[in-house]
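Survey of secondary and tertiary structure
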Amino acid sequence: MSEQEPIQVPIPTLPTAVPPDSYDAYRGQGAPLIIDNGASQLRFGFSLRPSPAGSSEEYVINKTPHVASNVVARYKDRKANQPLLLFGDGVDAESGAKGQARTPWEGDVLLNFDALEHALDCAFITLGIDADTVDHPVLMTERLATPLHSRALTSELLFEQYSVPSLAFCIDALMSFYHRYQQPRMPFDVDGLVISLNTASTSVIPILDGKGILSHAKRIPWGAQQSTDYLLKLIQFKYHNFPTRVTTTQASWMLHNFCEFSADYQATLRSLRDPNALQAAARVVQFPFTVPTAEEKTEEELARIAERRKEQGKKLQEIAAKNRVEKLLQKENDLRYLLNLRENRGDNKREWQDALLEEGFDDDAALEETIKKLEQDLKKVRKKESDGQDEPMEEPTFTLVDVPDAELDEEGLKEKKKQRLLKAGFEARARARREKEKEREERKAEERRDEEERENDFEGWAGRLRKEQEAIMSRIKERERRKAALSDRKSAVAQARMKNIASLAADDRVSKKKRKTGAEDMFGADDDDWAIYRKINTAAPSSDEEDDIQQLQFVESKLLAHDPAFTTQHTHASRTAARSALLSAFRPQYGPGDAAGAARIHLNTERWRVCETYFAPSMAGVDAAGIGEVLQTVLARFTDAEKARLVKVSLCPSQLFLGLFWSPLIVMSTQNVYTTGGPSQFPGLRERVYSALRPILPPEMELPPVEAAQDATMDAWRGMATFANTEGFKDVGVSRQQYEEWGGERIKRWWGGNWNAAQ
């Protein structure tokens, strides 16, 4: 399956200057001022706006507030040498101001009141308010269970700084629910269960008779901000060498455009085990990149470089061949010496033990192990040299080998040395041919025994080969795990490697006293000394790896030929290919010269994993309950009859405005489980909430589909604007006189605030 078409990451653009609104239509009218003080956006505006031409009414309800990022930055323009106060999108216009940006919120608590004051200043300037005071009643949002300290300072700011006539606080989730279900000229007494997903938290509020049961409401410390940070961490972990810095703004854009909820997260992950399905589910995000300019070389230069490399390769091959011959002769001499030592063993055990200690062996077992290892090494070398040289060769004559050195001149001594090397090579090849012939006979005998075992006990034969295959694959996997662990400097393998390096650096094999007398360091005289370098060299191939692969191929070939239950899918190559295909689909690899591919991010499992944290915050390391558990806790405090009112379809009377008059009362159905807030727009949330609610309700209880806000970001402000134009709004605000008498912490008890009659 081909790769998905890359989606370009949006490039920030400079905001356009917006002139202030005209204040003439609102001057002296006392129109309510609506402020939705969100953690990410500030929505503000008057609840009314002038009617369009031709309308009989002077004002109508305002549905389109001003929206700006709730961020403020103080910045000094070096060119003009003037301090600037930037608000909203203007912060992005100056790159130097981004590092000094501040928001009024710290998580889910309103704390930075300097930033709030600057944000309100910019908001009132945008609305065109040019009077000394803000002579408009204010309806402002606050968080569920907001601290009294935050409310007191907010009230002090609005009353003391702006001299507002009255101030009322409300909960945005309740106002969004009010906007969705309130019918004109009808009392608001709808039941429901509101799930509000905000920037820094998620709230669950039960509503009975139009009043939020805030004593049973719950809040989770997980929201869009934490989800963005979690997605950014996943991207950084997956692409730790990404050439471009991924910003929080870009991560938020990917979260809102590509992430979604899954009704069954585990089933979704199981479906993505297929590489094709994983590749089809991926969304490819292309980041900006620059194509590197390669230095072009002429054909003559390329030919010269190729010729130089060819000559260097020939020299290296000659040096390697010479080293192999010398090492082979040294091993043969060592083997011959050790065999003579073993054959000349006497009956005196003490003398034999002294001889072993003198040669560096602790006991007979160490001697036998060394002899066996030398024989195996020589056997491997001779086998490689004898490949393609099965035809016997006539024995050449070496006339000077047995001639004493005293009878030869300088040229004769050189020729004698050359003949000795040739003779040793000829004898080594002859021994290799004899050993190869012996191996052929042993292999034929082994094949006969294997065939007899297969014919007499097929199940036992197949089981033995399968166990041998699993053992070899386990050794190969263990080597791969060790190589992977070496890349992590905190792993035990990497720490052991560093200890070996440190021991080599601090190892005083020859004392200073002996070094003065001319004693030599004998490290390297034994081949086992060099094994330490294989342990500390991460790129060194294992000496047994090639043998394991050959043996594995041999075992699998016999199983494929004779065991019908063993197919190509059971082979190591097939398993490795399937795993490699899955890893390749999870994070495709691009060539070293592909600058565009290196600047791409593939979002696949992250699309569902990030959203699942709303129902399992522990996935991101947050010790908190998820939405499903909170819903169960909230509903457990109600009777079955009240649960049915919270989640079932409600029938409520309503009227429709038909242009010139209101229609007669009609009955409309409402779905009581309601989601609101910016993250509630993620696809799949309604189905995920339904799948979480259905198991915790009685089987016979009806559960209709979950309802979502029509405009999750604007419905709360529109609900506030609608309520501010009713008679009930006049009774919920705290006046200036009451503020001076009660203090800033005090609010009035009403259904949309943090203190209502239902508590």
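For the structure given in this document, a descriptive report is provided here. Note that this is a predicted model, so its numbers are computed, not measured.

**Here we look at helix 4 (residues 224-238)**
In this model helix 4 runs 21 Å from its N-terminal to its C-terminal C-alpha over 15 residues, within 8% of the 21 Å that 1.5 Å per residue would give. Within helix 4, burial applies to Ala224, Gln226, Ser227, Thr228, Tyr230, Leu231, Leu232, Leu234, Ile235 and Lys238.

**What about the environment of Ala17?**
By secondary structure assignment, the location of Ala17 is in the loop between strand 1 (7-8) and strand 2 (33-37). When its relative accessible area of 78% is taken as the criterion, Ala17 is described as exposed. Between the alpha carbons of Ala17 and Gly90 there is a distance of 9.0 Å; along the sequence they are 73 residues apart.

**Remarks on helix 20 (residues 627-635)**
Along an α-helix, residues three or four positions apart point the same way, because every turn accommodates 3.6 residues. Of the residues making up helix 20, those classed as buried are Ile627, Gly628, Val630, Leu631, Val634 and Leu635. When helix 20 is viewed along its axis, its buried side chains cluster within an angular range of 165° and face the same direction.

**What about the sheet that holds strand 18 (residues 283-286)?**
Spatially, 1-18-19 is the arrangement adopted by the 3 strands of the open sheet, whose pairing is mixed. Edge positions in the sheet fall to strand 1 and strand 19 (600-603), since each of these pairs with one other strand and no more. Note: strand 1 against strand 18, 2 bridges, orientation parallel. Looking at the pairing, Ile7 lines up with Val285 of strand 18. The strands touched by helix 5 (residues 248-258) within the sheet are strand 1, strand 18 and strand 19, with strand 18 carrying the most contacts at an inclination of about 150°.

**Here we look at the packing of helix 1 (residues 113-126) against helix 2 (residues 148-161)**
Taken N-terminus to C-terminus, the directions of helix 1 and helix 2 make an angle of 40°; their axes are 11 Å apart at the nearest point. Classified by the angle between their axes, helix 1 and helix 2 sit oblique to one another. Helix 1 and helix 2 meet at a crossing whose hand is right-handed. Between helix 1, through Phe113, Leu116, Glu117 and Leu120, and helix 2, the contact on the second element is made entirely by Ser150, Leu153, Thr154, Leu157, Leu158 and Gln161. Counted by class, the contact of helix 1 with helix 2 contains 6 nonpolar, 3 polar and 1 charged residues.

**Section: the pattern of salt bridges**
Considering all chains together, one arrives at 28 salt bridges under this definition. Note that Arg151 is salt-bridged to Glu142, the shortest N-O span being 3.1 Å. Of the residues examined, Arg151 reaches a relative accessible area of 6% and is grouped as buried. Using a relative accessible area of 5% as the deciding quantity, one classes Glu142 as buried.

**So, the packing of helix 3 (residues 172-181) against helix 23 (residues 715-724)**
At a minimum axis separation of 7 Å, helix 3 and helix 23 run at an interaxial angle of 75°. Relative to helix 23, the element helix 3 is oriented roughly perpendicular. Residues Asp172, Met175, Ser176, Tyr178 and His179 of helix 3 lie in contact with helix 23, whose contacting residues are Asp715, Ala716, Arg718, Gly719, Met720, Thr722 and Phe723. Across the contact of helix 3 with helix 23, the residue classes tally to 5 nonpolar, 4 polar and 3 charged.

**Thoughts on the sheet that holds strand 13 (residues 166-171)**
Spatial ordering of the open sheet is given by 6-3-2-12-13-24, a layout of 6 strands whose pairing is mixed. In this open sheet, the two edge strands, each paired with only one partner strand, are strand 6 (66-69) and strand 24 (734-735). Strand direction decides the pairing type here: strand 12 (residues 138-142) and strand 13, joined by 5 bridges, are parallel. Each residue of the ladder has a partner; that of Val138, found in strand 13, is Leu167. The sheet contacts of helix 23 involve strand 2, strand 3 (41-46), strand 12 and strand 13, and relative to strand 2 the element is tilted by about 155°.

**A short note on the pairing of strand 3**
A large share of strand 3 lies buried, amounting to 5 of its 6 residues. Both strand 2 and strand 3 contribute to a ladder of 5 bridges, which runs antiparallel. Along strand 3, the bridge assignment pairs Ile34 with Gly45. A loop of 3 residues connects strand 2 with strand 3, the two strands running antiparallel in sequence. Sheet topology note: the strand 3/strand 6 ladder contains 4 bridges and is antiparallel. Residue pairing in the sheet places Arg43 in a bridge with Val67 of strand 6.

Analysis parameters
- Residues numbered from 1 in each chain as written.
- Predicted model: local features only at pLDDT ≥ 70, side-chain atom pairs only at ≥ 80, totals over all residues.
- Heavy atoms only, no water.
- Helix = DSSP H or I, 4+ residues; strand = E, 2+ residues; numbered from the N terminus.
- Expected span 1.5 Å × (residues − 1).
- Buried < 20%, exposed > 50% of the residue type's maximum accessible area, 1.4 Å probe, protein only.
- Arc of directions from axis to C-beta.
- Pairing = 2+ DSSP bridges.
- Contact = heavy atoms within 4.5 Å.
- Axes fitted to C-alpha atoms, helices over the stretch in contact; angles between N-to-C directions.
- Parallel < 35°, antiparallel > 145°, perpendicular 65-115°, else oblique.
- Left-handed = near helix turned anticlockwise from the far one by under 90°.
- Nonpolar A, V, L, I, M, F, W, Y, C, P; charged D, E, K, R; others polar.
- Salt bridge = Lys/Arg side-chain N within 4 Å of Asp/Glu carboxyl O.

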